[in-house]
Amino acid sequence: MSQRVTVITGASGVLGQALADAALARGDAVAAVDFSPVAREDGDDWLGLGGVDLTDPAAAQAAMDAAAQRFGRIDHLLNAVGGFVWQTTDGPLEGWDRMGRMNLTTVLNACRAALPYLLQSPAGRIVNVGALGALAAGAGMGAYAASKAGVHRLTEALAEETRASSLTVNAVLPSVIDTPANRADMADADFSRWVQPSELATVMLFLASDAASAITGALLPVKGRT
């Protein structure tokens, strides 16, 4: 195939930017989707799609249609969209709803919107971001863990539903990612043991490569040294 077309959601975040850098470095054309503005200017290999609310199915569809129209197809969908809130189970229900919309609804809408394009590609790939913390939730992690566990189950179900095609659907399960926000929240931690965004991006780009064509439905832990 010629140049692959990769759509990245949450592209303005720390992980999203690392994914964009890695995808561009390997020669992909990139469509960057985010609710926040996308800083880079559009070019031959780059389409910035800011202001996209992926909790809205119509907005997700419009973004995928724009990417396909700009580059002619979609080969890979890397879902880095998401967020975190700490609250105990007796906290506001709004937190549970927010985590569900931010972490699961966004990924579901992006997958549904991109799926028809991905199924037309001989190398279609979806890579989602789950969480190790969703395997065994700690105190204050219930809402976040429940939403990320939903991403795990979505990944597995979609992999089974598309098994007869060439599309693969996988998820990475990071522990703590080394971001400025996490450093601020956990100032006493040993940052050297955390997962670097570039390391996680490398794993995700591997799963979105020809070398990973035999892997689908996998939930791959990326723990760093934690």
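Below you will find a few notes about this structure. Within each chain, residue numbers correspond to sequence positions counted from 1 in written order. Totals for whole chains, interfaces and linings use all residues, but because this is a predicted model, local features are given only for residues with pLDDT of at least 70 and pairs of side-chain atoms are given and counted only at 80 or more. The basis for every side-chain value is the complete set of heavy atoms in the structure, and neither hydrogens nor water enter the calculation.

Quick look at the overall build of the protein chain
Counted only if it meets this: Labels follow the DSSP assignment, with helices taken as runs of H or I lasting at least four residues and strands as runs of E lasting at least two, numbered in each case from the N terminus. Throughout, the radius of gyration refers to the C-alpha atoms, and the reference size of a globule is 2.2 Å times the residue count to the power 0.38. Type-normalised accessible area, obtained with a 1.4 Å probe on protein chains alone, sets the label of each residue: buried when under 20%, exposed when over 50%, and partly exposed for intermediate values. We call two residues in contact when some of their heavy atoms are within 4.5 Å. Per-residue accessibility takes into account occlusion by the displayed protein chains alone, with areas from the Shrake-Rupley method and a 1.4 Å probe. Asp and Glu count as negative and Lys and Arg as positive, but His and the ends of the chain are not part of the count. A charge is said to be at NZ when it belongs to Lys, at CZ for Arg, at CG for Asp and at CD for Glu.
Within the protein chain, the secondary structure is distributed over six helices and seven strands. Overall, the protein chain shows an N-to-C arrangement of helices and strands of β-α-β-β-α-β-α-β-α-β-α-α-β. Compactness check: the protein chain gives a C-alpha radius of gyration of 17 Å against a globular reference of 17 Å for 226 residues, within 12% of the reference. In terms of overall dimensions, the protein chain has C-alpha extents of about 50 × 35 × 35 Å along its principal axes. By the burial criterion, 48% of the 226 residues in the protein chain qualify as buried. In the protein chain, the proportion of contacts linking residues at least 24 apart, taken out of those at least 6 apart, comes to 67%. Just so you have it, the protein chain exposes about 10,300 Å², and 55% of that area is on carbon and sulfur atoms. Computed over 16 positive and 23 negative side-chain charges, the inter-centroid distance for the protein chain is 6 Å.

Overview of the environment of Leu47
With respect to the helices and strands, Leu47 occurs in strand E3 (residues 46-49). In this structure the C-alpha to C-alpha distance between Leu47 and Ala29, which are 18 residues apart in sequence, comes to 8.3 Å. Once residues within four sequence positions are removed from consideration, Leu47 is found in contact with Val30, Ala31, Ala32, Asp42, Ala66, Ala67, Arg70 and Phe71.

Points about the layout of surface pockets
Our working definition: A cavity, in this analysis, means grid points on a 1 Å lattice covering only the protein atoms where a 1.4 Å probe fits yet has no way out; a pocket is instead an open set bounded by protein on both sides within 12 Å along at least five of seven lines, and a residue lines either one if it has an atom within 4 Å of a point. Grid points are joined across faces, edges and corners, and a volume is the space filled by probe spheres set on the points. Each residue is assigned to one of three groups, with Ala, Val, Leu, Ile, Met, Phe, Trp, Tyr, Cys and Pro labelled nonpolar, Asp, Glu, Lys and Arg labelled charged, and all others, Gly among them, labelled polar.
Estimated volume of the largest pocket: approximately 1,200 Å³. Forming the walls of the largest pocket are 40 residues, and the residues nearest its centre are Ala80, Gly82, Gly83, Phe84 and Tyr144. Elements represented by at least two residues in the lining of the largest pocket include exactly helix H1 (14-25), helix H3 (93-120), helix H4 (142-161) and helix H5 (180-185). Residue composition of the lining of the largest pocket, by class: 22 nonpolar, 12 polar and six charged.

Some remarks on the pattern of salt bridges
So the rule is basically this: Salt bridges are defined as contacts in which a side-chain nitrogen from Lys or Arg sits within 4 Å of a carboxyl oxygen from Asp or Glu.
Within this structure, the stated rule accounts for seven salt bridges. Across the pair Arg40 and Asp21 runs a salt bridge, and its minimum N-O distance is 2.3 Å. Linking Arg40 in the loop between strand E2 (29-33) and E3 with Asp21 in helix H1, this pair joins segments that are 19 residues apart in sequence. A residue is classified by how much of its surface remains accessible, and Arg40, at 32% relative accessible area, is partly exposed. With a shortest N-O distance of 2.7 Å, Arg153 and Glu156 are connected by a salt bridge. Linking Arg153 with Glu156, this pair stays in helix H4, spanning three residues, or about one helical turn. We classify Glu156 as partly exposed; its relative accessible area is 28%.

Examining the pairing of strand E5 (residues 125-129)
So the rule is basically this: Here the rule is simple: two strands pair whenever DSSP picks up at least two bridges between them. Seen with its strands pointing away from the viewer, a crossover is right-handed when the path leading from the first strand over the helix to the second is clockwise.
In terms of burial, E5 is a largely internal element, five of the five residues being buried. On E5, burial covers both faces: Arg125, Val127 and Val129 on one face and Ile126 and Asn128 on the other are all buried. Where strand E4 (residues 76-79) meets E5, four bridges bridge the pair, whose relative direction is parallel. Each residue of the ladder has a partner; that of Asn79, found in E5, is Asn128. Between E4 and its parallel partner E5, the chain crosses via H3, and the hand of that crossover is right-handed.

A look at the side chain of Ser147
Cut-off, in case you're wondering: Here a polar contact is recorded for every N or O atom pair within 3.5 Å, except that within protein the pair must consist of a potential hydrogen donor and a potential acceptor, and residues adjacent in sequence are included only if both atoms are side-chain atoms.
For Ser147, the location among the structural elements is in helix H4. The exposure class of Ser147 is buried, given its relative accessible area of 5%. Within the local environment of Ser147, its side chain forms a polar contact with the side chain of Asn103, the two groups lying 3.0 Å apart. If we skip the residues at most four places from it in the chain, Ser147 touches Met99, Gly100, Asn103 and Leu104.

A word on the nonpolar core
Here is the rule we go by: Joining through side-chain atoms within 4.5 Å is the link that ties buried Ala, Val, Leu, Ile, Met, Phe, Trp, Tyr and Cys residues into a set, and such a set is a nonpolar core.
Grouped together as the largest cluster of nonpolar side chains are 32 residues, with contacts concentrated most on Val7, Met64, Leu77 and Ile126. Ignoring any residue separated from it by four or fewer positions in sequence, one finds Ile126 in contact with Leu77, Asn79, Cys111, Leu118, Leu158, Leu167, Thr168, Val169 and Asn170. Listed in part, the 26 residues of the second largest apolar core include Val38, Leu200, Ala201 and Leu205.

Focus on H1
For clarity, the cut-off: Multiplying 1.5 Å by the helix residue count minus one yields the expected span of that helix.
Along its 12 residues, H1 runs 17 Å from first to last C-alpha, staying within 8% of the 16 Å computed at 1.5 Å per residue. Listed as buried for H1 are Leu15, Gly16, Ala18, Leu19, Ala20 and Ala23. After H1 finishes, the residue Gly27 shows a positive phi value of roughly 100°.

Just distances and angles here, no functional claims.
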